[in-house]
Amino acid sequence: PPARSAARRRRDAEAALAKGDVAAFAQLQGAQGVVVADVAPRVETRSADELLAASERRAPEVSIAAAFYNTQTGQTTTTTRPTKTQKRKHQINSLAIAAAERELELMEKRGRATKTKAETNAKYGW
């Protein structure tokens, strides 16, 4: 097989790194303009309780219905989730859903940050 170009080797190494292959750092080391420090693979262990808590923190689903005319069928369809194109073109339904999700996220964050009177009193020993 013909020798690979430096750009091709770099793309292959970057793709391997994206997949989590730490050994790909060795391929990048020789590439021009790339300086790679020695990196040891890091594995994080989590208990089942931590994983469950992390999954419960996900934002609840927001459902805002929007009607669209389908040119292929000639009918109006109602959807509650924005498509990729609707997100890319910043259509109003995708913006409304994003705003509602962000509002819920901020409310949850604010709720976690505020302390009850008992917690505040305990802090000062009252």
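Our subject is the structure that appears above.
Small disclaimer: the values here were computed from a predicted structure and weren't measured.

Engineer: Break down the overall build of the chain for me, with residues and values.
Structural biologist: Secondary structure summary: the chain contains 6 helices and 2 strands in total. Its helices and strands in sequence order give the chain the pattern α-α-α-β-β-α-α-α, from N to C terminus. Expressed as a percentage of its 126 residues, the buried residues of the chain come to 11%. Counting only contacts in the chain whose residues sit at least 6 apart along the sequence, the fraction spanning at least 24 positions is 20%.

Engineer: Before we move on, could you go through the pairing of strand β1 (residues 66-70) and cite the residues and values that matter?
Structural biologist: Two strands pair when backbone bridges link them, and β1 and strand β2 (residues 75-79) are joined in this way by 5 bridges, in the antiparallel orientation. The residue of β2 that forms the bridge with Ala66 is Thr79. Hairpin connection from β1 to β2: 4 residues lie between these consecutive antiparallel strands, with Gly74 at a positive phi of about 75°.

Engineer: Go over the pattern of salt bridges with me, naming the residues and quoting the values.
Structural biologist: As enumerated under the stated definition, the model contains 3 salt bridges in all. Taking the shortest distance from any N to any O, the salt bridge between Arg8 and Asp12 comes out at 3.5 Å. Remark: Asp12 and Arg8 occur in helix α1 (residues 6-18); sequence separation between them is 4 residues, near one turn of the helix. Given a relative accessible area of 39%, Arg8 falls into the partly exposed group. As a salt-bridge pair, Glu101 and Arg81 come within 3.5 Å of each other at their nearest N and O atoms. Linking Glu101 in helix α5 (residues 92-113) with Arg81 in the loop between β2 and α4 (84-88), this pair joins segments that are 20 residues apart in sequence. Given a relative accessible area of 37%, Arg81 falls into the partly exposed group.

What counts and how
Residues numbered from 1 in each chain as written. Predicted model: local features only at pLDDT ≥ 70, side-chain atom pairs only at ≥ 80, totals over all residues. Heavy atoms only, no water. Helix = DSSP H or I, 4+ residues; strand = E, 2+ residues; numbered from the N terminus. Buried < 20%, exposed > 50% of the residue type's maximum accessible area, 1.4 Å probe, protein only. Contact = heavy atoms within 4.5 Å. Pairing = 2+ DSSP bridges. Salt bridge = Lys/Arg side-chain N within 4 Å of Asp/Glu carboxyl O.

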